[in-house]
Amino acid sequence: MNQDRQLYTDSHEEFSSKLKISGVNPYVDVPDQVVERLGDRKRIPVLVKLINPLAKGNSSILERDAEHLKAIGRLTDGNWFRTTFVPMRSEPTRLYLDKWMRETSNVSIGDSVQIILKIDSGSRELEIPLVLSKALAENDQAANAWMALSFSRRREILTYLNLLKTQKALER
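None of these values were measured; they are calculated from a predicted model.

Chemist: Please explain the packing of helix α5 (residues 130-138) against helix α6 (residues 140-148) as it appears in this structure.
Modeler: Packed helices, taken two at a time, are described by the angle their axes make and the gap between the axes. Packing of α5 against α6 brings their axes to within 5 Å, and their N-to-C directions diverge by 115°. Residue-level inspection shows Leu132, Leu136 and Glu138 of α5 in contact with α6, the latter providing Asp140, Ala142, Ala143 and Trp146. For the contact of α5 with α6, the class distribution of residues is five nonpolar, no polar and two charged.

Chemist: Could you clarify how one ought to interpret the packing of aromatic side chains in this entry?
Modeler: With the rule as written, the count across this model stands at one aromatic pair. When the centroid spacing of 5.9 Å and the interplanar angle of 55° are considered together, the rings of Tyr27 and Tyr96 count as tilted. With Tyr27 in strand β3 (residues 25-30) and Tyr96 in strand β6 (residues 93-96), the pair connects residues that are 69 residues apart, well separated along the chain. Between the NZ or CZ atom of Arg94 and the centre of the ring of Tyr27, over which it lies, the distance is 4.0 Å.

Chemist: In this structure, what is going on with the sheet that holds strand β4 (residues 45-51)? I would like to understand it.
Modeler: Taken in spatial order, the four strands make up an open sheet running β1-β7-β4-β5, and their pairing is antiparallel. With partners counted over all chains shown, the strands left at the sheet margins are β1 (13-18) and β5 (81-84), one partner each. If you compare each strand with its neighbour and ignore which way they point, the axes differ by 40° on average. The pairing of β4 with β5 spans four bridges and is antiparallel. Following the sheet pairing, Val48 is matched in β5 by Phe81.

Chemist: Sorry, what's going on with the pairing of β4 here?
Modeler: Along a regular strand, successive side chains alternate from one face of the sheet to the other. Of all seven residues in β4, five are buried, a share of seventy percent or more. Relative to strand β7 (residues 112-119), β4 runs antiparallel, the two being bridged by six bridges. By the bridge assignment, Val46 is partnered in β7 with Ile119.

Reading the values: the criteria
Residues numbered from 1 in each chain as written. Predicted model: local features only at pLDDT ≥ 70, side-chain atom pairs only at ≥ 80, totals over all residues. Heavy atoms only, no water. Axes fitted to C-alpha atoms, helices over the stretch in contact; angles between N-to-C directions. Helix = DSSP H or I, 4+ residues; strand = E, 2+ residues; numbered from the N terminus. Contact = heavy atoms within 4.5 Å. Nonpolar A, V, L, I, M, F, W, Y, C, P; charged D, E, K, R; others polar. Phe/Tyr/Trp six-rings, centres within 6.5 Å; stacked < 30°, edge-to-face > 60°. Lys NZ or Arg CZ within 6 Å of the ring centre and 35° of its normal. Pairing = 2+ DSSP bridges. Buried < 20%, exposed > 50% of the residue type's maximum accessible area, 1.4 Å probe, protein only.

Next comes the structure, spelled out in structure tokens:
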């Protein structure tokens, strides 16, 4: 982590933007000065809160899904959503807003939204369920195959496993 980025770990940035959509992906453009103040990397991990000044947030959705969102690494203490800036070649950097972010803030495409964000310096590693950890420890071939998977593929599998609702489903 460079020194400039370290300075902003505990502080936050705020900006307003209109919620747009590209294909099926809702996003906001991140002002260049915000990207510059938060870091020099192409993909900057951030914690995000959304505020729709014209609507009341929907905390029931957040309460309902908070446990699962935390299990898959999407939500942190204080109800900050984890995401990453996505740089675009000839357009401003984008911040994609998933279903949970939008629903808990009652924001829709075309709405102006206040964005509060800060650097995410926490680990993005997901918990490996005990049953998988045990299986990998007992089978070298399976462990080697697991490690041969890309980080994103392992994360996708762990997300699925951590969203399962019962131990019986996990053991299958």
